[in-house]
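Residues per chain, in single letters:
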Amino acid sequence: MNINQKFIAQRDSQAGDDGVIPLINVVFLMLIFFMVAGQIQKSDPIKITPPNSINEQRAATEPNVLIVLGTNGELYLNDDLTKVEDVQSRLSVLFDQATDKDAFWVQVKADGDVSIEALRPLFSEIKASGLTKVSVATQLGKGTE
C-alpha cells in the first residue's frame, strides 16, 4: 500500500466524524437558547414601581390572580383591563373555577405612588368576594441591604 492509498483510507475513516461536529454545535446553541429563554418572566401589562419594604420574605408559589394598579387608575386583573366594580364578580368566578381552593390567593401589585385612598375600593371589592388570602407586592427598600 503506497502513501496515497494510506492517506485516502485515513481520510475516509474520519469523514463520518466531521459531519457530527456541526450537529453538536447546533444542539449546544439550542440548549443555551432554551436555558436563557426559560428564565424570562412574564412582564406586567403596565409599568409600575412597587412600594419599598423592609420585609425580605417572598411567596413560595405564584398567585392565582394578579391585580395590577397603575398611578393613573388603570386596573388589570390577570392582564385584562377591568373596572374596580367588576373585581368582585370576576374574583368569585375565578375562585369557583379553582381546583385547590385552600391554596387560592390574590396578589395586588400597585405602584408605590398610588395612595391608600385609591386602594380602598379595590380591597373592598376583594373583601366582598370572600377571599382572605391577599398580598401586596413590594420591593426591597434601598439602604436595607
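All values reported here derive from a predicted model rather than from experimental measurement. Residue numbers restart at each chain and count upward from 1, following the sequence in its written direction. The predicted origin of the model limits local features to residues at a pLDDT of at least 70 and limits the giving and counting of side-chain atom pairs to 80 or more, whereas totals for whole chains, interfaces and linings rest on all residues. Computation of side-chain values covers all heavy atoms of the structure but excludes hydrogens and water.

J.: Tell me about the overall build of the protein chain, residues and numbers included.
T.: Helix numbering and strand numbering both begin at the N terminus, where a helix is a DSSP run of H or I of at least 4 residues and a strand a DSSP run of E of at least 2. Helix and strand counts for the protein chain stand at 4 helices and 7 strands. The N-to-C order of helical and strand elements in the protein chain reads α-α-β-β-β-β-α-β-α-β-β. When a residue's accessible area, from a 1.4 Å probe over protein chains only, is under 20% of the maximum for its type it is buried; when over 50% it is exposed; and in between it is partly exposed. Per-residue burial for the protein chain yields a buried fraction of 23% across its 145 residues. Long-range pairs, those at least 24 residues apart, make up 70% of the contacts in the protein chain with a sequence separation of at least 6. By definition in these notes, contact holds between two residues if any of their heavy atoms fall within 4.5 Å.

J.: Could you give an account of the pattern of salt bridges, with specific residues and numbers?
T.: Take a side-chain nitrogen of Lys or Arg and a carboxyl oxygen of Asp or Glu: if they are within 4 Å of each other, that pair is a salt bridge. Applying the stated criterion across every chain yields a total of 1 salt bridge. Ionic pairing is found between aspartate 80 and arginine 90, a salt bridge with its closest N-O pair at 3.3 Å. With aspartate 80 in strand E4 (residues 80-82) and arginine 90 in helix H3 (residues 87-97), this residue pair connects regions lying 10 residues apart in the sequence. Owing to a relative accessible area of 40%, aspartate 80 belongs among the partly exposed residues under this scheme.

J.: Account for the pairing of strand E5 (residues 106-110), with residues named and values stated.
T.: Most of E5 is tucked away, with 4 of its 5 residues classed as buried. Of the strand pairs in this sheet, E5 and strand E6 (residues 134-136) are connected by 3 bridges, and their pairing is parallel. By the bridge assignment for E6, valine 106 is matched with valine 134. A crossover counts as right-handed when, viewed with the strands pointing away from the observer, the path leading from the first strand over the helix to the second turns clockwise. Where the polypeptide runs from E5 across helix H4 (residues 116-128) and back to E6, its parallel neighbour, the crossover connection is right-handed. Two strands qualify as a pair provided DSSP detects at least 2 bridges between them.

J.: Please provide a residue-by-residue account of the sheet that holds E5, values included.
T.: Read across the sheet, 5 strands follow the order E4-E3-E2-E5-E6 without closing on themselves; strand pairing throughout is mixed. On the outer flanks of this sheet lie E4 and E6, each paired with one strand and no other. Going across the sheet, the axis of each strand differs from the next one's by a mean of 25 degrees, ignoring polarity. Where helices are involved, their axes are fitted lines through C-alpha atoms of the stretch in contact, as for all axes, and angles between N-to-C directions lie from 0 to 180°. Where H3 meets the sheet, its contacts fall on strand E2 (65-69), strand E3 (75-77), E4 and E5, and the angle it forms with E3 comes to roughly 15 degrees.

J.: Go over unusual backbone geometry with me, naming the residues and quoting the values.
T.: Generally, phi is negative for residues other than glycine and the peptide bonds are trans, each holding for most cases. Backbone geometry at asparagine 78 places phi at a positive 50 degrees, although glycine is not the residue there. Positive phi outside glycine occurs at aspartate 79, with the angle close to 70 degrees. Position of aspartate 79 among the secondary structure elements: in the loop between E3 and E4. When its relative accessible area of 35% is taken as the criterion, aspartate 79 is described as partly exposed.

J.: Describe in detail H4, supporting the description with residues and values.
T.: Take the residue count of a helix, subtract one, and multiply by 1.5 Å to get its expected span. Over its 13 residues, H4 runs 18 Å from end to end, which matches the ideal 18 Å to within 8%, given 1.5 Å per residue. Residues of H4 that are buried include every one of Leu119, Leu122, Glu125 and Ile126, and no others. Taken together, the buried residues of H4 touch E2, E3, H3, E5 and E6. After H4 finishes, the residue glycine 130 shows a positive phi value of roughly 90 degrees.

J.: Outline the nonpolar core, listing residues and values.
T.: The biggest cluster of nonpolar side chains holds 17 residues, and the ones touching the most others in it are Val65, Ile67, Val87, Leu91, Val106, Leu122 and Ile126. Mapped onto this core, the elements with two or more residues apiece are E2, E3, H3, E5 and H4. Definition of nonpolar core: a set of buried residues of the types Ala, Val, Leu, Ile, Met, Phe, Trp, Tyr and Cys, connected through side-chain atoms within 4.5 Å. Residues Ile48, Leu66, Val68 and Tyr76 belong to the second largest nonpolar core, which totals 5 residues.

Function cannot be read off these values alone, since they describe shape.
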